[in-house]
Amino acid sequence: MWAGVGKQNQFGGSRACGPSGKALAMEVFARIVRVQVPEVLEADSEGRNPPFEVQFIADGDIPFPQVVVHANGQAHCVNGAAIRRTKAPEPTYVANVPGGLTHTSEIHLQIEGCQRLDLQRATGDEWIKAFAVVRVVAKADLVSSASSNSNSNANPSSSLSSSGKNTPPATQLGGVKLYFGIHKHMHQPYYNTTDRSYWDGEKDGIFGARGGNYTDYIPAAVRQYVQGGLPHAGLSTSWSGSLIEQLDRCGAEGLCGGRFLRWSAPLSEIANEKTALGHPRVDFSAFGFFHPLMPLIPTRDIVKQIQWHRGLIRRTFGVEASRILFPPETAFHVRIIPALIEAGIDAVIYDSIHRFRTCEAYPYAGTGEGLLPPNRAEQVNPPVNDWLQLRNIWAGSKISPSLLRPEYVEYVDVDGQRSKIIAVPAERYIGNEDARGGFGALLYPEVLGQVYDRVVESGTFDPQHPPFFLLHSDGDNHGGGADSYYKHNTGRLVEWLRQDPRFELTTVPDYLTRFPPDASKAVHIEPGSWSGADNGDPQFMKWFSRYNEPYSPDLNSWAVLTAFQNVVHALEDRTPELPSLGEAVRLLLTAETSCYWYWTGQNVWDEQVTRAANRGLELVRAGLDALTGSGTDRTAPTIFPPWVTPENPGGQRWGRGSLEPAPREGVAHTFVSDVSGIKTVELVLRTGGREKVVAMHDHGPYPCETGAALTAHYFTAALPVGAGDVRYFVRAVDQRGNATKSALERVFLA
């Protein structure tokens, strides 16, 4: 017996491209029309399933057919040579499922096909799925079942719809429940730091292609939460100021074909929807106005970026920005905690792997993890014993479900002052999979079920602090930004949650109200960002490209920015009434946009920081000359956060496609600048209760190939071999006697 299954897809009728990029001679399918599987199988002598076939028909050719067999909490993929296309007139496929996979009474089958051969470029909406269930019974039960069904003309084959209604509802064990949230990030930079009115056809296309993302997609998703009766469901979303300003311009000037006239109205309307606890269903996250990489800019600029952004959210959407921060690129370092507290932030979102790697005995996964081994100075948290290797998604390393919950994280500064803030984990690997297209692209019941099962097995469930994590991704790119993510796939998510008591979708504020973290405990989190930035390593090397070459465009931009920061800060401290200072401040904050480091090697990006700095210096030149000429500068030098090479002295570093021993001789690097000139720069090392001061070598202004009018000096100092677990900071004094210290850093010198 055959029946119709599957879903319609907007890509139906397209032509697929293989790895070579050449069009294939096929009419690509839009849906799986029918599936045929055995209704009942006779178990072998060990109670396991025998081999069997799954036959399915599509309305066109399937570039990549696959059957995922779910049983015993594991998944087995049947694809490649195990699936053949028959000679039937219709596109018909037969998958050979091997025997011995399971001893459970039911096998759940996920029949799917990708509309692309190039799987790496496929979006979640290009995976079309159908579902079926096969029962496995002992011979005696099979005879009994056949006898009882003989009077009802039962057919030995089963054809099931993709609704999932044939799957029995999940059972919640011992009150265990797993909570999760969703975060969507929206951003566009200024494509010219010195000309906000710059626009061309390319920009019109970039913005125009995201019409729904920037208007009604989020409201469409959240309305389904409300209509589905999910009391705590909502999502958080981060919007950069540079995006909002440009959308306002599009609306005012009719750019993008008038698509953004009153663009913010749907978002402003949905912003009034509340959860059962009275929190916003759409939580507009605190953010940095121009999308700065916060761990690499000064405290005062972090505060200003957040405050500017908060004002714009209020004016644009008529609501207050959240006190929960989504830092751009999910880039976090404990040294920014004091700045966040000063800016009124209560909690910060971070990428979960940087909590896992701080545990003693962390199960480092080698090169497949995409990161170097953790520096031993970061591994100060107790070990855990519930490590889990996720299946059916890309997961380069193991995760720990017991650590997937908000906790306080602490920073201790140079003077011993402690500050702490709530840290909310965004799960790296599950978030990545969700970014492919949401429910359907990510097998929520299967993947989140693995986390749930591990919590039950390990006995780590804490009813006062149950598991919670965010699924974080861009909200306007790839599958996670597709129409289907926010609409059809969200509908399937809501339907699943209504039937499965093990899981609950909730906003961060609702979770924190119900399950506040223990303020008496605080942990450490390793620096780093999300995996989209070259795996988000602790050294932020995505923004330090070519750092080991004689000239690095990225280091050039940091050196130029450091000098410009000191100029602006000195004028703010001494002559805040300077007429041109306001525009210079805006140019400075614009120049801190992380995108200008992201695309290294392209002049249009590599020159953006220099353009902003040069224009800003032109605007304030007279005021700067008056300040330095009067000798009244009272601003201390600006110190760029120091970094160490190799990343793990005496440990391991990247070789040619693998890991190799790293030299034990480490070097500390930084940039320092001051409008009055530098007098001394020292590296202060603390270890074993003692302090050692090392004079840093001044290499002069960092070499520049972008025509910068001003750039910072480049300083280095050799680190002592074998010093062990070290805390260090940079101390600088200018020619006026103004002194400052950097944040307190940590490194293990083997």
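Residues numbered from 1 in each chain as written. Predicted model: local features only at pLDDT ≥ 70, side-chain atom pairs only at ≥ 80, totals over all residues. Heavy atoms only, no water.

1. Details of the overall build of the chain
Assigned secondary structure in the chain consists of 18 helices and 31 strands. Restricting to contacts in the chain with at least 6 residues of sequence separation, those with at least 24 account for 74%. If you sum the accessible surface of the chain, you get close to 29000 Å²; carbon and sulfur atoms cover 48% of it. (Helix = DSSP H or I, 4+ residues; strand = E, 2+ residues; numbered from the N terminus. Contact = heavy atoms within 4.5 Å. Areas by Shrake-Rupley, 256 points an atom, 1.4 Å probe, with all protein chains shown as cover.)

2. Thoughts on the packing of aromatic side chains
If you walk through the whole model with that rule in mind, you get 45 aromatic pairs. Between the aromatic rings of Trp 239 and Phe 317, the centroid separation amounts to 5.9 Å while the plane-to-plane angle is 65 degrees, which identifies the pairing as edge-to-face. Of the two residues, Trp 239 is situated in strand β12 (residues 235–239) and Phe 317 in helix α6 (residues 299–317); the sequence distance between them amounts to 78 residues. Across this residue pair, the class does not change: Trp 239 and Phe 317 are buried. Centre to centre, the rings of Phe 640 and Phe 671 are 5.8 Å apart; their planes meet at 55 degrees, and the pair counts as tilted. Of this pair, Phe 640 sits in the loop between β20 (638–639) and β21 (643–645) while Phe 671 sits in strand β24 (residues 667–673), and the two are 31 residues apart along the sequence. You can call Phe 640 buried: its relative accessible area is 2%. (Phe/Tyr/Trp six-rings, centres within 6.5 Å; stacked < 30°, edge-to-face > 60°. Buried < 20%, exposed > 50% of the residue type's maximum accessible area, 1.4 Å probe, protein only.)

3. Description of helix α2 (residues 201–208)
For α2, the complete set of buried residues consists of Lys 203, Ile 206 and Phe 207. Viewed along the axis of α2, the buried residues span an arc of 90 degrees, placing them on a single side of the element. Next to the buried residues of α2 lie α4 (241–253). Where α2 begins, one side-chain oxygen reaches toward the backbone nitrogen of Glu 202, 3.1 Å away; that side chain belongs to Asp 200. (Arc of directions from axis to C-beta. Polar contact = N/O pair within 3.5 Å; in protein donor to acceptor, adjacent residues only side chain to side chain.)

4. Here's the deal with the pattern of salt bridges
For the structure on display, the rule yields 37 salt bridges. For Asp 483, the salt bridge is made with Lys 487, and the minimal N-O distance between the two is 2.9 Å. Asp 483 gets classed as partly exposed once you look at its relative accessible area, which sits at 28%. In this structure, a network of salt bridges that share partners links the residues Arg 300, Lys 304, Glu 572 and Asp 573. (Salt bridge = Lys/Arg side-chain N within 4 Å of Asp/Glu carboxyl O.)

5. Examining helix α3 (residues 217–227)
If you check which residues of α3 are buried, you get Tyr 217, Ile 218, Pro 219, Ala 220, Ala 221, Val 222 and Tyr 225. Once α3 ends, the next one or two residues include Gly 229, with phi positive near 75 degrees.

6. Description of the environment of Glu 745
Relative to the assigned elements, Glu 745 resides in strand β31 (residues 745–749). The sequence separation of Glu 745 and Asp 413 amounts to 332 residues, and the corresponding C-alpha distance is 8.8 Å. The residues touching Glu 745, leaving out its near neighbours within four places in the chain, are His 333, Arg 335, Pro 642, Val 726, Arg 727 and Tyr 728. Of the polar contacts made by the side chain of Glu 745, one reaches the side chain of His 333; its length is 3.4 Å. Among the polar contacts made by the side chain of Glu 745, one reaches the side chain of Arg 335 at a distance of 2.8 Å.

7. Here we look at unusual backbone geometry
With omega at -15 degrees, the peptide bond leading from Thr 645 into Pro 646 counts as cis. Along the chain, Pro 646 turns up in the loop between β21 and β22 (652–654). The phi angle at Asn 392 is positive, at roughly 65 degrees, despite the residue not being glycine. Positionally, Asn 392 belongs in the loop between α8 (353–356) and β16 (407–412). For Asn 392, a relative accessible area of 26% corresponds to the partly exposed category. Unusually for a residue other than glycine, Asn 535 sits at a positive phi of about 75 degrees. Position of Asn 535 among the secondary structure elements: in the loop between α13 (508–514) and α14 (553–574).

8. Here we look at the nonpolar core
Within the largest apolar cluster, 118 residues are counted, with the highest numbers of intra-cluster contacts made by Phe 180, Trp 239 and Tyr 444. Ranked by residue count, the leading element in this core is α14, at 10 residues. (Core = buried A, V, L, I, M, F, W, Y, C linked by side-chain atoms within 4.5 Å.)

9. Thoughts on the packing of helix α15 (residues 581–591) against helix α18 (residues 608–630)
Where α15 meets α18, the axes come as close as 9 Å, and the angle between the chain directions of the two elements is 165 degrees. Overall, the two elements α15 and α18 adopt an arrangement that is roughly antiparallel. Relative to α18, the crossing made by α15 is left-handed. Across the interface between the two elements, Leu 581, Glu 583, Ala 584, Leu 587 and Ala 591 of α15 pack against Val 609, Ala 612, Arg 615, Gly 616, Leu 619 and Val 620 of α18. Looking at the contact of α15 with α18 residue by residue, the class counts come to eight nonpolar, one polar and two charged. (Axes fitted to C-alpha atoms, helices over the stretch in contact; angles between N-to-C directions. Parallel < 35°, antiparallel > 145°, perpendicular 65-115°, else oblique. Left-handed = near helix turned anticlockwise from the far one by under 90°. Nonpolar A, V, L, I, M, F, W, Y, C, P; charged D, E, K, R; others polar.)

10. Overview of the pairing of β12
Along β12, five of the five residues are buried, which leaves the element largely enclosed by surrounding structure. Side-chain alternation along β12 places Leu 235, Thr 237 and Trp 239 on one buried face and Ser 236 and Ser 238 on a second face that is also buried. Inspection of the sheet shows strand β11 (residues 178–186) paired to β12 by four bridges, in the parallel sense. Residue pairing in the sheet places His 185 in a bridge with Ser 238 of β12. Examined bridge by bridge, β12 and strand β13 (residues 282–284) share three bridges and lie parallel to one another. By the bridge assignment, Thr 237 is partnered in β13 with Phe 284. (Pairing = 2+ DSSP bridges.)

11. Some remarks on the packing of α4 against α6
Two elements in contact, α4 and α6, have axes separated by 10 Å at closest approach and are oriented at 35 degrees. As for the relative orientation of α4 and α6, their crossing is left-handed in sense. Residues Gly 241, Ile 244 and Glu 245 of α4 form the contact with α6, whose participating residues are His 309, Leu 312, Ile 313, Thr 316 and Phe 317. A breakdown of the residues in the contact of α4 with α6 according to their chemical character gives four nonpolar, three polar and one charged.

12. Some details on the side chain of Gln 188
The residue Gln 188 is located in the loop between β11 and α2 in this model. Every residue in contact with Gln 188, bar those within four places of it in the chain, is listed here: Ile 206, Phe 207, Arg 210, Tyr 214, Ser 240, Ser 242, Leu 243, Gln 246 and Asp 476.

13. A word on the environment of Pro 501
Counting through the fold element by element, Pro 501 comes out in the loop between α12 (488–499) and β19 (503–505). Between the C-alpha atoms of Pro 501 and Leu 178, which are 323 residues apart in sequence, the distance is 9.3 Å.

14. Observations concerning the pairing of strand β26 (residues 690–695)
One ladder, built from six bridges, connects strand β25 (residues 678–687) with β26; its direction is antiparallel. Note on β26: the bridge partner recorded for Arg 686 is Glu 691. The loop that links β25 with its antiparallel partner β26 comprises two residues; one of these, Gly 688, has a positive phi angle of about 60 degrees.

15. Some words on the confidence of the model for the chain
Averaged over the chain, the pLDDT score is 90; the fraction of residues at 70 or greater is 90%. Per-residue pLDDT stays below 50 along residues 1–25; that stretch engages in 73 contacts with residues further than four places along the chain or on separate chains. Every residue in residues 144–170 is under pLDDT 50, and counting partners more than four places away or in other chains gives 47 contacts. (pLDDT = per-residue confidence, 0-100.)

16. Brief notes about the environment of Arg 323
In this structure, Arg 323 sits in the loop between α6 and β14 (324–325). Residue classification places Arg 323 among the partly exposed positions, given a relative accessible area of 43%. Arg 323 has contacts with Arg 310, Gly 344, Ile 345, Asp 346 and Ala 347, leaving out every residue within four places of it along the chain. There is a polar contact of 3.2 Å between the side chain of Arg 323 and the backbone oxygen of Gly 344.

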